[in-house]
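Residue-level structural notes
Below, each chain spelled out in residue letters.
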Amino acid sequence: MGDNVACPPSAPLRLLSSVYRYLRPLLFRLDAERAHGMGAAAAHVGQRARPLVRALYRVEDERLAQTVWGLRFASPVGLAAGFDKNAALVPFWAALGFGFAEVGSVTARPSAGNPRPRAFRLERDRALVNRMGLNNDGAEAIAARLAGLRKPEGFVLGVNVAKTHDPLILGDEAIEDFRQSVRRLLPHADFLALNVSCPNTAEGKTFEEPAALDALLAAVFAERTVQLSEVPVLVKLSPPGPDGLDTGAVDELVAISRRHGVAGFIAVNTASDRSGCTADVATLDRIGAGGLSGRPLADRATTLLRHLYRTTDGVLPLVGVGGVDSAEAAYARLRAGASLVELYTALVYEGPGVVKRINRGLLRLFERDRLGSVAEAVGLDA
Ligand SMILES: Cc1cc2nc3c(=O)[nH]c(=O)nc-3n(C[C@H](O)[C@H](O)[C@H](O)COP(=O)(O)O)c2cc1C
């Protein structure tokens, strides 16, 4: 593990990677959200030129494919929630080589999110801090968009839902708000992810409290029963805090989740603290509050993942996310117990070619370790 495996990139990928290397300093002169907007605009262009994007980026190989929750994933690499909040780019993600994407977080009511600036780069740490505040078009509009979408063949679509960003929506009203989103979006999702761990809500991460999670899951599963749906429901958890993993607290959430029939966990969301960052205090103070993502999350995300794998005896598939930015990082996450991995921040620092690099690099790592497929790697180091 950890060796750098030679992965000679294809000529087009080499070209595209160097284009991004030249573009990145220009993009990084812009405020992080404007740069994101330009990236999204480029993705919209790419979406119209899908056959070209597919030919340049997509890696097709049976060894990358697996069936999880009865769904066939062509690659274990997916897009994490937050990049495509409004589900506007689903065909593009498939063409780029992702096996799946989580769109959202979607909330019952549309939201403009927090005032700008609300996204910041910590370049040396290959990290981001954001307090976007769940800006999205709302469940009704996004459900209508998904209803009109021709989902790319062989692509798995996860829909991530959260509570509307309004601190006045609390208690039973908060659960009803969540349920409304589930009601609208469940028919369009291959899997549903419950964002109970967003650090950017004014009232805090209330749904990671055991009683609140219990009540939320009761409502979500009641809605699923009403719809006679068997869509797998996943819970997205916070990373361990700076003092390390609180196994008792995690185990309680796992037990509640399993009682209700949760199909797996996504580990992890962004962190409210800044541990693992090398940026100076003045920089961090200037940025202020928000969720930390990227490389500083990698170790803690892996710690939680490994614990989840062990505590569930490997029977509930896990999604590893947080600082996955290379084939080696993705492979380590699979070996620690993830069946699937996701990324967001790596797209910002490494560019769109990162998906192909990870897919190709995983194949080389499987060859090196004489593994026949993704499934054989899962949990080897748990
Ligand atoms: C700008 C930004 C917005 C995000 N928005 C959401 C969101 O709406 N819902 C959610 O569940 N996670 C959201 N996330 C968290 C990511 O899905 C992911 O869990 C986290 O960034 C760690 O992965 P990474 O290190 O690959 O970025 C967001 C992350 C970033 C950087």
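Residues numbered from 1 in each chain as written. Predicted model: local features only at pLDDT ≥ 70, side-chain atom pairs only at ≥ 80, totals over all residues. Heavy atoms only, no water.

1. Thoughts on the overall build of the protein chain
Of the regular secondary structure elements, the protein chain holds 14 helices and 13 strands. Against the compact-globule benchmark of 21 Å for 382 residues, the protein chain has a radius of gyration of 19 Å, which places it among compact chains. Summarising its shape, the C-alpha atoms of the protein chain cover approximately 55 × 45 × 45 Å along the three principal directions. Looking at the protein chain as a whole, 58% of its 382 residues qualify as buried. (Helix = DSSP H or I, 4+ residues; strand = E, 2+ residues; numbered from the N terminus. Rg over C-alpha atoms; globule rule 2.2 N^0.38 Å. Buried < 20%, exposed > 50% of the residue type's maximum accessible area, 1.4 Å probe, protein only.)

2. Quick word on the site of the ligand
Taken together, the neighbourhood of the ligand is formed by 23 residues, with Ala81, Ser105, Gly294, Gly323 and Thr345 sitting nearest. Contacts to the ligand include Asn195, whose side-chain N or O atom sits 3.2 Å from an oxygen atom. With respect to the ligand, the side chain of Thr345 contributes an N or O atom lying 2.5 Å from an oxygen atom. Alone, the ligand offers 600 Å² of accessible surface; in the complex the protein occludes 96% of this. Class assignment for the residues of the shell around the ligand results in nine nonpolar, 12 polar and two charged. (Near = heavy atom within 4 Å. Polar contact = N/O pair within 3.5 Å; in protein donor to acceptor, adjacent residues only side chain to side chain. Areas by Shrake-Rupley, 256 points an atom, 1.4 Å probe, with all protein chains shown as cover. Nonpolar A, V, L, I, M, F, W, Y, C, P; charged D, E, K, R; others polar.)

3. Digging into helix α5 (residues 139–147)
Every buried residue of α5 is listed here: Ala139, Ile142, Ala143 and Leu146. Viewed along the axis of α5, the buried residues span an arc of 105 degrees, placing them on a single side of the element. Looking at α5, the residues exposed on the side facing more than 90 degrees away from the buried face are Glu140 and Ala144. Against β4 (100–106), β7 (156–161) and α6 (171–185) lie the buried residues of α5. (Arc of directions from axis to C-beta. Contact = heavy atoms within 4.5 Å.)

4. Let's talk about the nonpolar core
Of all hydrophobic cores here, the largest spans 98 residues; its most connected members are Trp93, Phe98, Leu194 and Phe366. The element contributing the most residues to this core is helix α13 (residues 354–368), with seven residues. The next biggest cluster of nonpolar side chains, apart from the first, holds 15 residues, and it includes Ala193, Leu234, Ile266 and Val321. (Core = buried A, V, L, I, M, F, W, Y, C linked by side-chain atoms within 4.5 Å.)

5. A word on helix α10 (residues 298–311)
Here α10 spans 20 Å end to end across 14 residues, near enough to the 20 Å set by a 1.5 Å rise per residue. Those residues of α10 that fall on the buried side of the exposure criterion are Ala298, Arg300, Ala301, Thr302, Leu304, Leu305, His307, Leu308 and Tyr309. (Expected span 1.5 Å × (residues − 1).)

6. Overview of the sheet that holds strand β5 (residues 119–122)
Read from one edge to the other, the open sheet built from three strands follows the order β5-β6-β11, with strand pairing classed as antiparallel. In this open sheet, the two strands that pair with only one neighbour each are β5 and β11 (291–294). The average angle at which neighbouring strand axes cross in this sheet is 25 degrees, direction not considered. The sheet contact formed by β5 and strand β6 (residues 127–130) spans four bridges and is antiparallel. (Pairing = 2+ DSSP bridges. Axes fitted to C-alpha atoms, helices over the stretch in contact; angles between N-to-C directions.)

7. Here's the deal with the pattern of salt bridges
Oppositely charged side chains are able to pair whenever their charged atoms sit close together. The full count for this structure, using the stated rule, is 19 salt bridges. Two residues, Arg183 and Glu176, come together in a salt bridge whose shortest N-O distance is 3.5 Å. With a closest N to O distance of 2.8 Å, Glu223 and Arg179 form a salt bridge. On the criterion of sequence distance, the pair formed by Glu223 in helix α7 (residues 210–226) and Arg179 in helix α6 is long-range, its members being 44 residues apart. Residue classification places Arg179 among the buried residues on the basis of a relative accessible area of 18%. Bridged by salt links that share partners, the residues Glu176, Arg179, Arg183 and Glu223 form one connected network. (Salt bridge = Lys/Arg side-chain N within 4 Å of Asp/Glu carboxyl O.)

8. Here's the deal with the sheet that holds strand β8 (residues 191–195)
The eight strands are arranged β3-β4-β7-β8-β9-β10-β12-β13 in a closed barrel whose pairing can be described as parallel. In this sheet, neighbouring strand axes are inclined to one another by 25 degrees on average, regardless of whether the strands run parallel or antiparallel. Examined bridge by bridge, strand β12 (residues 318–321) and strand β13 (residues 340–343) share three bridges and lie parallel to one another. Opposite Gly320, over in β13, you have Val341 as the bridge partner. α10 contacts β9 (233–237), β10 (264–267) and β12 of the sheet and is inclined by roughly 170 degrees relative to β12.

9. Notes on the side chain of Asp325
Turning to its location among the elements, Asp325 is positioned in the loop between β12 and α11 (327–335). Overall, Asp325 belongs to the buried group, its relative accessible area being 15%. Only 2.8 Å separates the side chain of Asp325 from the side chain of Arg295, close enough to count as a polar contact. Beyond its immediate chain neighbours, meaning those up to four positions away, Asp325 contacts Arg295, Ala346, Glu350, Val354 and Ile358.

10. Section: the confidence of the model for the protein chain
The predicted structure's coordinates, where accompanied by low pLDDT, should not be read in detail. Per-residue confidence for the protein chain gives a mean pLDDT of 93, with 95% of residues at or over 70. Overall, residues 1–7 carries pLDDT values under 50, and its contacts beyond four positions in sequence, including any with other chains, amount to 16 contacts. (pLDDT = per-residue confidence, 0-100.)

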